Amino acid sequence: MQGFIAQVITGLATGAIYALLVLAMNVMVLVRDIVHQGFANICMVTMAVGWIVLNHSGENVVLSVIVMFIVGTALTAATEPLFRPLCKRGATLETIVLAMGVGIICTEVMSQFVNNGGNFAYPESMRGGGATLTIGLIRLSVANIVTLILAVVVAIILMRVMYHTQTGRSMRAMSQNLRVSQMLGIPFGKTGIIGFAISGILAGVISLMLIMTIGTNGPSLGDTFGTKAVVLMLFAGMGNLKGGLFSCLLMGLVESLALAYLPGSWTEVIFYGIMMAIIIWKPDGLFGSNK
């Protein structure tokens, strides 16, 4: 029973990372109607910059985290003008190609300029010192607990912004009908930049959470998380913020339990098998699309 509880906490922490990744991508769906698969690669570049700053600052964790938030926000916001003309023309397929291009460029930058293209690990100073919390016979990673709490706090703040502020209402209005929202005076460019900047801030949070829980990075990691994020978006329903949050926590839990209790490499089979079944059963997603 103790091992099961530990796996549940680990699974929820993993699902929390997926949740913030999907929430950030869904914000961009709302403001620009795009699936920004390259966003996961931007998160990996953000992590890499944090690693470089850490190595050149005498392991100054605070400086590294600050730089990560700046880089994540700047890189994500900088991609918005690239998508803007395509979105105005309704060029959906072209936006997919562009998002893939952003991801490929980020991967190549890491392959060429970061640690000679190899994987690299973060020091314990950025992973909570490897501390554990012992409750009876249960040993829990403090990093996983902090990650889960941080994700919950950030998700609550984001939901508050999206559903209880004028900016959030403007973003959701654009997702319903772009032409009508423009007629009502919602600025297309400004709202898009704000949406991408919010996703960029989330990139900083996601990068920090990945460092604490996984502790490694490499050029291929972005593609792995990007693929899972897109599938989870389809699983929950495109643009559905609340549905995406719940679905990611659920699938993180399923993934962790499958890894712990099933023989062989069944984790990915179960993960994608459930996704395929839901998408076939409900093409608009488990909770319905907001698009």
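Shown above is the structure to which this text applies.
Everything numeric in this text was worked out from a predicted model, so none of it was measured.

(A) Region of interest: helix α8 (residues 188-213). Spanning 26 residues, α8 covers 37 Å between terminal C-alpha atoms, matching the ideal 38 Å at 1.5 Å per step. Of all 26 residues in α8, 19 are buried; the element is thus mostly enclosed. Gly-215 sits one or two positions beyond α8 and adopts a positive phi of about 80°.

(B) The arrangement of the pattern of salt bridges in detail. Taken as a whole and judged by the stated rule, the model has three salt bridges. Close ionic contact of Glu-255 with Lys-228 constitutes a salt bridge, the shortest N to O distance being 2.4 Å. Taken as a pair, Glu-255 in helix α10 (residues 241-261) and Lys-228 in helix α9 (residues 221-236) lie far apart in primary sequence, 27 residues in all. Like Lys-228, Glu-255 is buried. A single network of salt bridges, built from pairs that share partners, joins Arg-32, Glu-80 and Arg-84.

(C) The arrangement of the environment of Phe-235 in detail. Structurally, Phe-235 can be placed in helix α9. For Phe-235, a relative accessible area of 2% puts it in the buried group. Through-space distance from the C-alpha of Phe-235 to that of Leu-286 is 5.9 Å; in sequence the pair is 51 residues apart. Setting aside anything within four residues of it in sequence, one finds Phe-235 in contact with Ser-247, Met-251, Ile-274, Met-275, Ile-278, Ile-279, Gly-285 and Leu-286.

(D) Structural view of unusual backbone geometry. Despite not being glycine, Glu-59 shows a phi value in the positive range, around 60°. With respect to the element layout, Glu-59 can be found in the loop between α2 (39-56) and α3 (61-89). We note that Asn-116 has phi near 60°; this positive angle belongs to a residue other than glycine. Here Asn-116 is to be found in the loop between α4 (92-113) and β1 (120-121).

Analysis parameters
Residues numbered from 1 in each chain as written. Predicted model: local features only at pLDDT ≥ 70, side-chain atom pairs only at ≥ 80, totals over all residues. Heavy atoms only, no water. Helix = DSSP H or I, 4+ residues; strand = E, 2+ residues; numbered from the N terminus. Expected span 1.5 Å × (residues − 1). Buried < 20%, exposed > 50% of the residue type's maximum accessible area, 1.4 Å probe, protein only. Salt bridge = Lys/Arg side-chain N within 4 Å of Asp/Glu carboxyl O. Contact = heavy atoms within 4.5 Å.

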